[in-house]
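# Geometric and topological summary
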Amino acid sequence: MPYLIKGAHVVDPQRGLDETLDVLIEGATIAQVAAKIEVPADATVIDGAGKYLLPGLVDMHVHFRDPGFEYKETIATGSRAAAHGGFTDVATMPNTDPVTDTGAEVRYQIDHGRSAGLVHIRPIGALTRGEKGEALSEIGDMVMEGACAFSDDGHGVQSAGMMRTCMAYVSQFDKVAIAHCEVESLTANGTINEGRASTRLGMFGWPALGEELEIMRDIELCKLTGCALHIAHISTERGLGLVKAAKAAGLPVTCEATPHHLFLDEDDITDAYNTNLKMNPPLRLPSDAAALRRGIIDGTIDCLVTDHAPHAIHEKDCEWEIAFFGTIGLETALPLMLTKLVRTGEMSWSRLAEVMAVNPRKVLRLAPVTIAAGSAADLTLVDPEKAVEVTEDWFQGKSKNSAFLGETLAGAATDVFVDGKRTLIDGVVA
Ligand SMILES: [Zn+2]
């Protein structure tokens, strides 16, 4: 059945589009984009007045916990959260059980994603077997089965020699190595930013240097191997400076940041010990968050990602020291960006489309999606005025551990199309 989206504000920086247009979807592709399209006899018309239509959003850093930790999230429940949040594609990190380090595991993710039928699942394979940092995983096998990138996310690869081998190998497939940067000898036992916050609350610190030192190392290894390097969830101003310098030197280095590192900082952690604010890397200084916000606007940061990290109640409703790291993010990322950066006039819709749709596809070497006839109909329709109360009821995924519970936000996806299939219908997951 064709869909005609009438009169939405279409934003696609790849085509320089920023204007009100009609968009006709037929089958899995966009059939026509024009100022006025006559309604085909059998079409469903969607009123786009006051809404924005973007290339489908991509979250290139999520944890769906499947296989192995299905009590936190499954590919099916994670897909619901993604569709509800406005995403058409998610890249799943390999720290499952078993770790996604063979072609069979990659195929499992893709197959389960297809049967859930709500988003494109783009598996990220492990760099090393079992994410143990000791031996190369089956990278060629995983590429054959559809892995889009490689990472040991959850851990830094501790041995520089091992990381060199990984990058040399990954570069032969023209894939990107995604680095969770953490020198574990510096961060051992750390649960909160080292400095004022760790002193104030009397807890072991996770120092900025633990992240920055590995960013430095991996940029040097990028220089040595030529492998494309993507720094995951960058959290400090100095780390961002390193990436900026690497880019200026012409190295194939990109990076991403999360909403929690952009909009929260260590001062939000009080003696209430809200464990939903326990992250890896930890919330940093207010000045770091401000630098990240500048970086995502000025282009130093390429991609906005959520690091969606679902955990069960018993893993968060406990003492800070033993609580698990991470926050869910798929269903608050777009509302947060709209409320805190777009509505304030600091970020354009076009830049939002770059960091949430265009650039993640580039980094992951996915086919581009443009709002043009012939392109895949992977689209996100956004109502900038839709009120979002972040309560547990807002979340369609299995876990509720959000760092943003209690926020009132404005703006959310109302409709999502994946290969022409309407997966979010006026705010309701299909
Ligand atoms: Zn990570």
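Just above sits the structure.
Each residue is numbered by its place in its chain's sequence as written, counting from 1. Only residues with pLDDT of at least 70 are given local features in this predicted model, and only at 80 or more are side-chain atom pairs given and counted; all residues enter the totals for whole chains, interfaces and linings. Calculation of side-chain values draws on the structure's entire complement of heavy atoms; hydrogens and water are dropped beforehand.

## Considering the overall build of the chain
Convention followed: Numbering of helices and strands runs from the N terminus; a helix is a DSSP stretch of H or I covering at least four residues, while a strand is a stretch of E covering at least two. The quantity called the radius of gyration is restricted to C-alpha atoms. Its globule counterpart is 2.2 Å times the number of residues to the power 0.38. Any two residues whose heavy atoms approach within 4.5 Å are treated as being in contact.
Of regular secondary structure, the chain possesses 13 helices and 19 strands. Taking 2.2 N^0.38 as the reference for a compact globule, 430 residues should give roughly 22 Å; the C-alpha atoms of the chain span a radius of gyration of 21 Å, in line with that estimate. The principal-axis extent of the C-alpha atoms belonging to the chain is close to 65 × 50 × 45 Å. Counted over contacts in the chain with a minimum sequence separation of 6, partners at least 24 positions apart contribute 75%.

## Observations concerning helix 7 (residues 208-225)
To keep things clear, this is the line we draw: Between the first and last residue of a helix there are one fewer steps than residues, each counted as 1.5 Å, and that sum is the expected span. Burial status follows relative accessibility: with a 1.4 Å probe on protein chains alone, a residue under 20% of its type maximum counts as buried, one over 50% as exposed, and anything between as partly exposed.
Its 18 residues place the ends of helix 7 26 Å apart at the C-alpha level, agreeing with the 26 Å of an ideal helix rising 1.5 Å per residue. Every buried residue of helix 7 is listed here: G210, E211, E212, E214, I215, R217, D218, I219, L221, C222 and T225. Positive backbone phi, at 80 degrees, marks G226, one or two positions downstream of helix 7.

## Describing the layout of surface pockets
A probe as big as a water molecule, rolled over the atoms, marks out the empty space that is left. Put simply, the rule reads: Points on a 1 Å grid over protein atoms alone make up a cavity when a 1.4 Å probe fits among them but cannot get out, and a pocket when they form an open set with protein on both sides within 12 Å along at least five of seven lines; lining residues each have an atom within 4 Å of a point. Grid points are joined across faces, edges and corners, and a volume is the space filled by probe spheres set on the points. Residue classes follow a fixed rule: Ala, Val, Leu, Ile, Met, Phe, Trp, Tyr, Cys and Pro count as nonpolar, while Asp, Glu, Lys and Arg count as charged, and any other residue, Gly among them, counts as polar. As annotated, the domain borders come from an automatic or database domain assignment.
What the largest pocket holds in volume is close to 560 Å³. In this structure, the largest pocket is lined by 28 residues; those nearest its centre are N95, G154, N280, H311 and F325. Here the residues of the lining of the largest pocket are counted per class, giving 7 nonpolar, 13 polar and 8 charged. If you trace the second largest pocket, you find 17 residues lining it, with R114, V119, H120, I121 and D419 closest to the centre. If you list the elements that add at least two residues to the lining of the second largest pocket, you get helix 2 (103-116), strand 8 (120-125) and strand 18 (421-425). Here the lining of the second largest pocket takes 4 residues from strand 8, the largest share from any one element. Residues that form the lining of the second largest pocket fall into these classes: 8 nonpolar, 5 polar and 4 charged. The residues that make up the lining of the second largest pocket include at least three from each of domain 1 (3-53 + 373-385 + 409-429) and domain 2 (56-363).

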